[in-house]
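What follows is each chain in one-letter form.
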Amino acid sequence: MSEHIVSPKIYLVIFLTLMAGTAATVWAAYHNFGAFNIVIALAIATFKATLVVLYFMHARYSPKRTQLVIVCSIFWLAIMLVLTLADYRTRGMHESRLAPPSNSNLVRA
Amino acid sequence: MSTTTLPAPVHKMPREDYLNATYGLRSWLLTTDHKRIALLYLGSVTVFFFIGGLFATMIRIHLLTPNGFLVTPETYNKLFTMHGVAMIFFFLIPSIPAVLGNFLIPLMIGAKDLAFPKLNLLSWYIYLVGGCFVLYSFGTGGLDTGWTFYTPLSSVYSNSAVTPAVIGIFINGFSSILTGLNFIVTIHTMRAPGMTWFRLPLFVWAHYATSLVMVLGTPVIAITLLLVGLERMFHLGFFNPALGGDPILFQHLFWFYSHPAVYIMILPSMGVISEIIPTFARKPIFGYSFIAGSSIAIAVIGFLVWAHHMFVTGESTYAALTFSFLSYLVAIPSAVKVFNWTSTLYQGSISWDTPMIYAFGFIGLFLIGGLTGLFLACLGLDIHIHDTYFVVAHFHYIMVGGAVMGYVGGLHFWWPKITGKLYPEVLARIAAVTLFVGFNLTFFPQFMLGYMGMPRRYHTYPPEFQVLNVLSTAGASILALGYLLPMLYLTWSMRYGRVAGPNPWPATGLEWKTASPPPTENFDVTPEVDWEPYDFRNRPDLGLAASGPLPAPAHGDD
């Protein structure tokens, strides 16, 4: 396997971008975007994670098979999220008798 | 029938093998030899099997009478929890992969060791550290949440030692991930010349599928249990509704791993059966590529079915319908395997050696376990039998009747390779039948109890259930004998057993082409494979004399 040497300059640029991303997250946390609060936070986090995987973990310079493994694992994560959301998004739809207890019932008195 | 065995020559033990190459405690504790690490695992999983077995014994004694006379209700909760945690995380999941897989995968593919020998040793140490945390939890107040750690009981209300237990399982997860990673890389990169993917033994295919589950699923359970620990210690709101969390989210995350974990237990066992059956039917396995493909299919589909554990715990009806349908799909690759094994037997020259008895036991018990799984995947029926002894019986048929039968059968099959010695055959057959009878007597009554409505995890029951409970306890004592016997005679055989020779059965795999026990480097010369898997016909080296036509090899040239 060939080792790719990444120049310190690229590492520095990525590091500064990540710091900027952190600053953006903090800034966004102090502003109310309504329903987009979580979307913005996750978008910044995903962007940062992508940079880490591509540059710090060298995925960009890795063999195709390694890249395939990474894509597959993201697909696996998607399975978990999509099928879990399949539950959350359909809760309460046309459910009268089988409705799950509301959260408030589970709180300790 | 089609072949006869020539008179067995007298064998001698090899002068130097992996067992006597070096001596002393240090040579074992710092070894990077996959075969020695397998034996280290064998010792440690046996310890946990004893601990889990002890708890099971106490449960069954307690349930002899309707009101239970052995322990308090609180202790009873702890007994079934600790039984589950010890057996699942520290015995069943590592048993076949870390013991037999570790020992055999490099031998079967013609490699000198696994791809990362030091990582292999590290995974054993991680297992030990995780195990110590869990034993600490058992010893300092125990654990009463059920092995499923459902929140908010585990994260808020339980007064038992949950935190060390979840930390232990979190740590142990890394052991599983490293083992899986090691197997995947080894199978991809270290196959001997001529060992194509479709010449791999089915045991290796099964372990490849298992490793995928280990690598993809284990991180989820590790992090989920860590979140439970964080919620418990620092009151961070993940699963506790009072802190803004959602308890059902825990169940989703838990079962995303813990259902595929069942396939971590059963797939390697199926791999063992796929090796035993052609050997003792003296026939190439029927449908090689379908069995190999079904292992991968089980691993993949196994990830899509988890919420069938949650039909009555508050998930939406639509999700339940989806998961019910997906759960039925697992039956297809499972049935492919069972039909192929039975087809292999057809017109075979079957011998009733001990491993074959275990293989037959496996097929029958797995069939019952699998079919009752379909009952539970059925939405309407599951509402009736959810959390009853029907479920307990079902998963014991899979985990004990399936996984443990395969493990013990595999131990017998490869014992001559591991130790170089043969065990007493008659005693071993008696033990195999004892185990089968004991198992069925223990768990079949539980199907009936569950169907009649006896809930699981209760320390008492109505008097009308007593007869079946007594039967179950009686079966458990026979089952215990079935486990103790092999432990005794296998240990005995290490010193006093007859010398086995390289290939006592004979079997066709590459592991049988080297000495028993193998040398540290596995093979004196890197082998070259020019035969098809399970092909008894074109293998004059096996010493079988053909007296009739043998069927074609399992698979064409790849």
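A. Seen up close, the overall build of chain A. Helices and strands together make up the secondary structure of chain A, namely three helices and zero strands. When the helices and strands of chain A are listed from N to C terminus, the series reads α-α-α. A buried classification covers 17% of the 109 residues belonging to chain A. Restricting the contact set of chain A to residue pairs at least 6 apart, pairs at least 24 apart contribute 58%.

B. Broad picture of empty space enclosed by the protein. Residue and element names in this part refer to chain B. One pass over the structure, following the stated rule, counts three cavities of 30 Å³ or more. Of the volumes computed, that of the largest cavity is approximately 90 Å³. What lines the largest cavity is a set of 13 residues, and nearest its centre among them are Arg-199, Pro-201, Gly-509, Trp-531 and Pro-533. Residues belonging to the lining of the largest cavity are distributed by class as follows: eight nonpolar, two polar and three charged.

C. Representation of the domain arrangement of chain A. Under the domain assignment, chain A is made up of domain 1 (1-61) and domain 2 (63-92). Look at where the C-alpha atoms of domain 1 of chain A and domain 2 of chain A centre, and you get two points 20 Å apart.

D. Molecular detail of the layout of surface pockets. Taken as a whole, the largest pocket holds about 1,300 Å³ of empty space. Considering the residues around the largest pocket, the lining is formed by 35 residues, among which A:Arg65, A:Thr66, A:Val69, A:Ile70 and B:Leu181 are closest to the centre. Secondary-structure elements contributing two or more residues to the lining of the largest pocket are helix H3 (64-88) of chain A together with helix H6 (162-189), helix H7 (202-234) and helix H9 (288-301) of chain B. Residue contributions to the lining of the largest pocket peak at nine residues, all from H3(A). Residues that form the lining of the largest pocket fall into these classes: 25 nonpolar, eight polar and two charged. The residue makeup of the lining of the largest pocket includes at least three contributed by each of domain 1 (1-61) and domain 2 (63-92) of chain A. In this structure, the second largest pocket occupies an estimated 1,200 Å³ of space.

E. Up close: the side chain of B:Thr434. Residue position: B:Thr434 is located in helix H15 (residues 425-452). Those residues within four positions of B:Thr434 in sequence are excluded, and the remaining contacts are B:Ile478, B:Leu481 and B:Gly482.

F. Molecular detail of H3(A). The end-to-end C-alpha separation of H3(A) is 36 Å, in line with the 36 Å expected for 25 residues at 1.5 Å each. All of the buried residues in H3(A) are A:Trp76, A:Ile79, A:Met80, A:Leu83, A:Thr84 and A:Asp87. Packed against the buried residues of H3(A) are H7, helix H8 (247-281), H9 and helix H10 (317-329) of chain B.

G. Examining the pattern of salt bridges more closely. A complete count under the given rule lists seven salt bridges over all chains for this structure. In this structure, the salt-bridge partner of A:Arg91 is A:Asp87, at a minimum N-O distance of 2.9 Å. Residue A:Arg91 is classed as partly exposed on the basis of its relative accessible area of 23%. For A:Asp87, a relative accessible area of 0% puts it in the buried group. With a shortest N-O distance of 3.0 Å, B:Asp541 and B:Arg539 are connected by a salt bridge. Looking at B:Asp541, the relative accessible area reads 44%, which means it is partly exposed. Bridged by salt links that share partners, the residues B:Lys513, B:Arg539 and B:Asp541 form one connected network.

H. Examining the environment of B:Val99 more closely. Residue and element names in this part refer to chain B. Looking at the element boundaries, Val-99 is found in helix H3 (residues 73-109). With relative accessibility at 3%, the residue Val-99 sits in the buried group. In the structure, Val-99 is positioned 79 residues away from Leu-178 in sequence and 14 Å away in space, judged by C-alpha atoms. Those residues in contact with Val-99 that lie beyond four places of it in its chain are Ala-38, Tyr-41, Leu-42, Val-45, Pro-94 and Tyr-407.

I. The arrangement of the interface of chain B and chain A in detail. Facing the 26 residues of chain B at the interface are 21 residues of chain A. Our count for the contact surface shared by chain B and chain A stands at zero salt bridges. Here chain B and chain A share six residue pairs in polar contact (both at pLDDT 80 or more) between them. Every element with two or more residues in the side of chain B that touches chain A is listed here: helix H5 (153-157), H7, H8 and H10 of chain B. Ranked by the residues each element gives to the side of chain B that touches chain A, the list is headed by H8(B), at six residues.

J. Molecular detail of the packing of H8(B) against helix H11 (residues 331-345) of chain B. Residues and elements named next belong to chain B. In the contact formed by H8 and H11, the axes pass within 9 Å of each other and the chain directions differ by 15°. The angle between H8 and H11 falls in the class roughly parallel. In this structure, H8 crosses over H11, and the sense of that crossing is left-handed. Listed contacts from H11 to Leu-267, Met-270, Ile-273, Ser-274, Ile-277, Pro-278 and Ala-281 of H8 are Lys-337, Trp-341, Thr-344 and Leu-345. Broken down by class, the residue content of the contact of H8 with H11 amounts to eight nonpolar, two polar and one charged.

K. Representation of the nonpolar core in the model. Residues and elements named next belong to chain B. Counting 171 residues, the largest nonpolar core has Leu-100, Phe-149, Trp-341, Tyr-407 and Trp-414 as its most contacted members. Looking at this core element by element, the count peaks at 23 residues for H3. Contact partners of Trp-414, with chain neighbours within four places excluded, come to Leu-100, Leu-104, Met-108, Phe-203, Val-272, Glu-275, Glu-511 and Trp-512. If you look at the next biggest cluster of nonpolar residues, it comprises five residues, including Ile-126, Phe-170, Leu-178 and Ala-222.

Reading the values: the criteria
Residues take numbers from 1 onward in each chain, read along the sequence in its written order. The lettering of chains begins at A and the numbering of ligands begins at 1, in the order of writing. pLDDT decides what is reported in this predicted model: residues at 70 or higher carry local features, side-chain atom pairs at 80 or more are listed and counted, and totals for whole chains, interfaces and linings draw on all residues regardless. Each side-chain value is derived from all of the structure's non-hydrogen atoms; neither hydrogens nor water enter the calculation. Per the convention used, a helix needs a DSSP run of H or I reaching at least four residues, while a strand needs a run of E reaching at least two, with both numbered from the N terminus. Whether a residue is buried, partly exposed or exposed follows from its accessible area with a 1.4 Å probe, protein chains only, as a fraction of its type maximum: under 20%, in between, or over 50%, in that order. The contact definition used throughout considers only heavy atoms, calling two residues in contact when any of these lie within 4.5 Å. A cavity, in this analysis, means grid points on a 1 Å lattice covering only the protein atoms where a 1.4 Å probe fits yet has no way out; a pocket is instead an open set bounded by protein on both sides within 12 Å along at least five of seven lines, and a residue lines either one if it has an atom within 4 Å of a point. Grid points are joined across faces, edges and corners, and a volume is the space filled by probe spheres set on the points. When residues are sorted by character, Ala, Val, Leu, Ile, Met, Phe, Trp, Tyr, Cys and Pro go into the nonpolar class, Asp, Glu, Lys and Arg into the charged class, and all the rest, Gly among them, into the polar class. Where each domain starts and ends follows an automatic or database-derived domain assignment. Expected span of a helix, by definition, is 1.5 Å for each gap between consecutive residues, and there is one gap fewer than residues. Salt bridges are defined by distance alone: a side-chain nitrogen of Lys or Arg within 4 Å of a carboxyl oxygen of Asp or Glu. In protein, a polar contact requires one atom able to donate a hydrogen and another able to accept it; more generally it is a pair of N or O atoms within 3.5 Å, and residues adjacent in sequence count only if both atoms are side-chain atoms. Axes here mean lines fitted to C-alpha atoms, for a helix over just the part in contact, with angles spanning 0 to 180 degrees between N-to-C directions. Roughly parallel means an angle under 35 degrees; roughly antiparallel, over 145; roughly perpendicular, 65 to 115; everything else is oblique. Crossings are sorted by hand: turned counterclockwise from the far helix by less than a right angle, the near helix makes the crossing left-handed, and turned clockwise it makes it right-handed. We define the nonpolar core as a collection of buried residues of types Ala, Val, Leu, Ile, Met, Phe, Trp, Tyr and Cys that are connected through side-chain atoms lying within 4.5 Å of one another.

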